[in-house]
Amino acid sequence: MPFELSDTQRAIRDVVRDFARREVAPGARERDESGAFPHDLVARLGALDAMGITVAIEDGGLGLDTMTQLLAIEEVAAADAALASIYTAHLLALEVLTLGATPEQRRRYLVDLANGSKLAAFALTEPDAGSDVGSMSSVAHRDGDAWRLRGEKTYISNAAEADVLVVFAKSDPAAGFRGISAFLVRRDSPGLSFSSPQDKCGIRSAGTYSVYLDDVMVSPEDVVGELGRGASLAMRALNGARIDVAAMANGIAARALQLATQYATSRHQFGEPLRDFQAVQLMLGEMDARLEAARVTASWAAAAKDAGGDLRRAGSIAKWTATEHCAQIVDMAVQVHGGAGFMRESEIERLYRDSRILRIFEGTSQIQLLTIASALAATFDETSEVVA
Ligand SMILES: Cc1cc2nc3c(=O)[nH]c(=O)nc-3n(C[C@H](O)[C@H](O)[C@H](O)COP(=O)(O)OP(=O)(O)OC[C@H]3O[C@@H](n4cnc5c(N)ncnc54)[C@H](O)[C@@H]3O)c2cc1C
């Protein structure tokens with residue numbers, strides 16, 4: 001870790017590390033093959049008080065800092081990226097509630113989600129609206145006091161397993177991005193249905209589903225934040241949650257580096273262990289440097305989050321840096337393994353597939369760079385005002 005950890009951070013990291021190594025890692029390969037959603041492990045994360053680490057104590061969480069949450073995510077990701085993905089998707093939905101929920105919504109939803117007795121999902125993406133959120137076609141029509149939701153979401157993590165979904169739909173279709181609102185939808189709501197789990201290249205046991213909204217009725221008390229401000233709420237939630245994805249990338253990268261180091265020690269060619277060859281040392285050195293740079297960046301963004309800063313730039317820089325470094329680190333770890341790294345039986349092959357999603361979900365790498373550039377442009381504008 002780049003910075004000295006506090007006693008609390010170290011204690012929570014050690015508890016999650018112990019759980020991840022003893023209970024999560026041993027079955028990761030089998031779950032990758034079966035694609036079975038790990039209900040028991042999600043419940044165990046809840047029992048460990050890990051599902052709402054940064055949520056306020058009165059809202060069911062531990063009220064701790066973001067760095068502590070990053071440490072927990074890293075440990076889970078190093079053992080099984082699929083479980084880490086379920087975890088970070090839940091945290092993304094929680095981010096919406098911590099930013100926008102009323103006291104009553106906190107009491108009715110957030111407490112159980114943060115204490116881990118319930119699971120959440122965040123349903124934004126649609127078949128024709130991914131990066132371009134404003135083009136979504138799900139609608140929310142007024143029906144008396146209530147709202148009637150119609151539409152389709154896709155690639156939604158946790159959806160059919162979640163107790164509650166944060167669903168985004170247009171309450172004012174003519175207003176585009178500014179006509180989107182956020183709704184809390186319980187899984188047992190009439191009119192709500194799901195596809196079977198979508199078959200994926202990696203994080204295979206982290207269930208991903210299409211969600212069908214067929215006249216789902218939502219009461220006015222279940223609108224999160226202001227009407228028409230849902231897209232902005234989603235973006236603010238994503239800015240914060242992208243730091244969690246950075247931690248997931250760092251956990252996978254740390255495991256890849258460990259596997260590569262072990263393999264370079266045990267594998268001999270030309271009468272020597274691989275680690276004695278300078279070409280292999282160059283790869284290991286580069287992997288370590290990339291990982292540490294990514295961790296420092298995530299820690300910096302975590303500090304910015306705890307200080308209440310604007311996370312558009314910091315969240316995107318943390319995610320882009322960690323996920324791009326992770327891709328390089330895992331690729332080099334496969335290279336260190338040679339042919340063994342390409343075999344289904346090797347753990348690094350799973351990490352290679354699991355890590356690919358990191359540069360796609362919660363905003364692609366291109367969207368992160370565009371977000372950073374737009375925050376930078378705003379800084380230029382502020383600077384030129386000052387100069388003028
Ligand atoms: C396993 C998995 C889990 C997911 N979980 C969730 C979830 O829980 N909730 C949820 O709401 N969504 C979820 N998603 C959806 C995910 O966030 C989207 O896939 C992602 O935002 C990209 O959208 P898209 O797939 O429609 O790609 P597109 O937006 O169609 O992008 C395709 C390509 O075009 C590029 N591109 C698009 N627009 C621009 C632009 N303006 N400038 C430059 N390049 C651009 C992209 O970078 C990308 O390379 C998940 C996806 C996957 C695969």
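Quick caveat, the model's predicted, so the values are computed rather than measured. (Residues numbered from 1 in each chain as written. Predicted model: local features only at pLDDT ≥ 70, side-chain atom pairs only at ≥ 80, totals over all residues.)

Asker: Got a minute to help me understand the domain arrangement of the protein in this structure?
Answerer: The extent of an interface is frequently quoted as the accessible surface area lost upon association of the parts. Segmentation of the protein into domains returns domain 1 (7–119), domain 2 (121–228) and domain 3 (232–381). Taken over C-alpha atoms, the centre of domain 1 sits 20 Å from the centre of domain 3. At the junction of the two partners, domain 1 supplies 24 residues and domain 3 supplies 25 residues. Broken down by secondary-structure element, the contributors of at least two residues to the side of domain 1 that touches domain 3 are α2 (28–34), α4 (66–79) and α5 (81–100). Broken down by class, the residue content of the side of domain 1 that touches domain 3 amounts to 13 nonpolar, 5 polar and 6 charged. (Domains from an automatic or database assignment. Contact = placed C-beta atoms within 7 Å. Helix = DSSP H or I, 4+ residues; strand = E, 2+ residues; numbered from the N terminus. Nonpolar A, V, L, I, M, F, W, Y, C, P; charged D, E, K, R; others polar.)

Asker: What am I meant to see in the site of the ligand here?
Answerer: Residues in contact with the ligand amount to 21 residues; listed here are only the nearest, L124, G130, S131, T364 and Q366. Mapped by element, the contributors of at least two residues to the shell around the ligand are β1 (120–123), β3 (146–157) and α11 (365–387). Considering only residue class, the shell around the ligand consists of 11 nonpolar, 8 polar and 2 charged. Residue contributions to the shell around the ligand reach at least three from each of two domains, namely domain 2 (121–228) and domain 3 (232–381). (Near = placed C-beta within 6 Å.)

Asker: When you look at unusual backbone geometry in this model, what are you seeing that I'm missing?
Answerer: With the exception of glycine, the majority of residues adopt a negative phi angle, and the majority of peptide bonds are in the trans configuration. At D49, a position not held by glycine, the phi torsion is positive, near 65°. Within the fold, D49 resides in the loop between α3 (39–47) and α4. Its 19 C-beta neighbours within 10 Å are what place D49 among the partly exposed residues. The backbone of F270 sits at a positive phi, close to 50°, despite the residue not being glycine. (Buried ≥ 20, exposed ≤ 12 C-beta atoms within 10 Å, placed from the backbone.)

Asker: Explanation requested: the confidence of the model for the protein in the structure shown.
Answerer: Atomic detail in the predicted coordinates should be set aside for any region of low pLDDT. Chain-level pLDDT for the protein is 96 on average; 98% of the residues reach the 70-or-more range. Across the protein, the secondary-structure element scoring lowest on mean pLDDT is α11, at 81, and the one scoring highest is β1, at 99. (pLDDT = per-residue confidence, 0-100.)

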